[in-house]
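Inside the fold
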Amino acid sequence: MPRATVNGVSLNYDEWGAGHPLLLLMGFGDGLDAWANQIPAFAERFRTIALDHRGSGESEAPQGGYSIAQFADDAVGLLDRLGVERAHVLGYSMGGRVGQDMAARHPNRVSALVLAASAARANALNVYSLRASAWLYETYGPEAAAAFGPLISFTHDYFRDHLDSLTEKLGAPVYEPMPLHAYRGHVEAIESHDSTPILGRIAAPTLVLMGDAEWLNPMADQQAMLDGIPGATLRVLENGGHGFLWEIPDAFNRAVIDFLAPLTG
């Protein structure tokens, strides 16, 4: 995959398709490969760009510099390197926090914004889950922290239908595990983030997207973004939890395309 040095850090990225640029910002702990269920659908309509945040995937993991604002500056810097003036931005979970910051502080770079399973600031359950996963990672390794992930991501129905495969993955080696210092850096970035004071500066048309079984960032968190972002709209997808981009990818992809297509010149 190609690499770009942005803000002094080597970032891994890739792009597919042609058309109006669409930048994908992944959540905590995952690299750009986690968009596998989205990229084919999006690349049919957009120049689809995804990156590994500093410290994750194949990007460089510096000892410091982890914050939501820094991730946003990295994303803008990558667009600069690619010659992209304006892009639609889709941020999932932590990536939605990055998208909020990017759209508020660099409004001329974001033509439309989708905030999927995200929030403007961490609620108490967010903080506990982050601290629990960090404790598991530090005490027992990345495999233990990975075992915690499905509990956050999936619905009861998904567990019922995929219990055997989920169980078989317990203890499996983690592909491209984050270095511990980077893992801690991402945790601290999310825990300390609060975009509430700057939501009113977001000028891009914004879709707040969630699953009806979302529990990590429930409706109160979505409402806070809707209240703060001028003109933001809400769409709730059936049979989806926090990880609805993996659990119901077709519905997720269609919701994103339905919102972005009319806004694409």
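What comes next is a walk through the structure.

Conventions and cut-offs
Residues numbered from 1 in each chain as written. Predicted model: local features only at pLDDT ≥ 70, side-chain atom pairs only at ≥ 80, totals over all residues. Heavy atoms only, no water. Helix = DSSP H or I, 4+ residues; strand = E, 2+ residues; numbered from the N terminus. Rg over C-alpha atoms; globule rule 2.2 N^0.38 Å. Buried < 20%, exposed > 50% of the residue type's maximum accessible area, 1.4 Å probe, protein only. Contact = heavy atoms within 4.5 Å. Areas by Shrake-Rupley, 256 points an atom, 1.4 Å probe, with all protein chains shown as cover. Lys, Arg positive; Asp, Glu negative; His and termini not counted. Charge placed at Lys NZ, Arg CZ, Asp CG, Glu CD. Axes fitted to C-alpha atoms, helices over the stretch in contact; angles between N-to-C directions. Parallel < 35°, antiparallel > 145°, perpendicular 65-115°, else oblique. Nonpolar A, V, L, I, M, F, W, Y, C, P; charged D, E, K, R; others polar. Pairing = 2+ DSSP bridges.

1. Side note on the overall build of the protein chain
Across its full length, the protein chain holds 10 helices and 8 strands. Against the 2.2 N^0.38 benchmark of 18 Å for 265 residues, the protein chain shows a C-alpha radius of gyration of 17 Å, consistent with a compact globule. With respect to the three principal axes, the spread of C-alpha positions in the protein chain is 45 × 40 × 35 Å. A burial count over the protein chain gives 55% of its 265 residues as buried. Relative to all contacts within the protein chain whose residues are 6 or more apart in sequence, the contacts with residues 24 or more apart total 77%. Accessible area of the protein chain: about 11,100 Å², with a carbon and sulfur share of 53%. Of note, the protein chain has its 17 positive side-chain charges centred 7 Å away from the centre of its 31 negative side-chain charges.

2. Structural notes on the environment of Gly171
Among the structural elements, Gly171 can be located in the loop between helix 6 (156-168) and helix 7 (180-192). The exposure class of Gly171 is exposed, given its relative accessible area of 54%. In sequence terms Gly171 and Leu11 are 160 residues apart; their C-alpha atoms lie 28 Å from each other.

3. Remarks on the packing of helix 4 (residues 124-140) against helix 7
Running from amino to carboxyl end, helix 4 crosses helix 7 at an angle of 170°, the nearest separation of the two axes being 10 Å. On the basis of their axis angle, the class for helix 4 and helix 7 is roughly antiparallel. The residues of helix 7 that touch helix 4, namely those facing Val127, Leu130, Arg131, Ser133, Ala134, Tyr137 and Glu138, are Leu180, Tyr183, Arg184, Val187, Ile190 and Glu191. Across the contact of helix 4 with helix 7, the residue classes tally to 8 nonpolar, 1 polar and 4 charged.

4. A closer look at the side chain of Asp74
Mapping Asp74 onto the fold places it in helix 2 (residues 68-82). Beyond its immediate stretch of four places on either side in the chain, Asp74 contacts Val6, Asn7, Leu11 and Arg54.

5. Digging into the sheet that holds strand 7 (residues 206-211)
Sheet architecture is open: 8 strands sit in the order 1-2-4-3-5-6-7-8, paired in mixed fashion. Sheet topology places strand 1 (3-6) and strand 8 (233-237) at the edges, where each strand pairs with a single neighbour. Each strand axis lies, on average, 25° off the axis of its neighbour in the sheet, ignoring direction. Relative to strand 2 (residues 9-16), strand 1 runs antiparallel, the two being bridged by 4 bridges. Note that in strand 2 the partner of Thr5 across the bridge is Ser10. Helix-sheet contacts for helix 8 (residues 219-228) involve strand 6 (110-116), strand 7 and strand 8, and the interaxial angle to strand 7 is about 175°.

6. Comments concerning the pairing of strand 4 (residues 47-51)
Counting buried positions over the 5 residues of strand 4 gives 4, a clear majority of the element. One ladder, built from 4 bridges, connects strand 2 with strand 4; its direction is antiparallel. Note that in strand 4 the partner of Glu15 across the bridge is Ile49.

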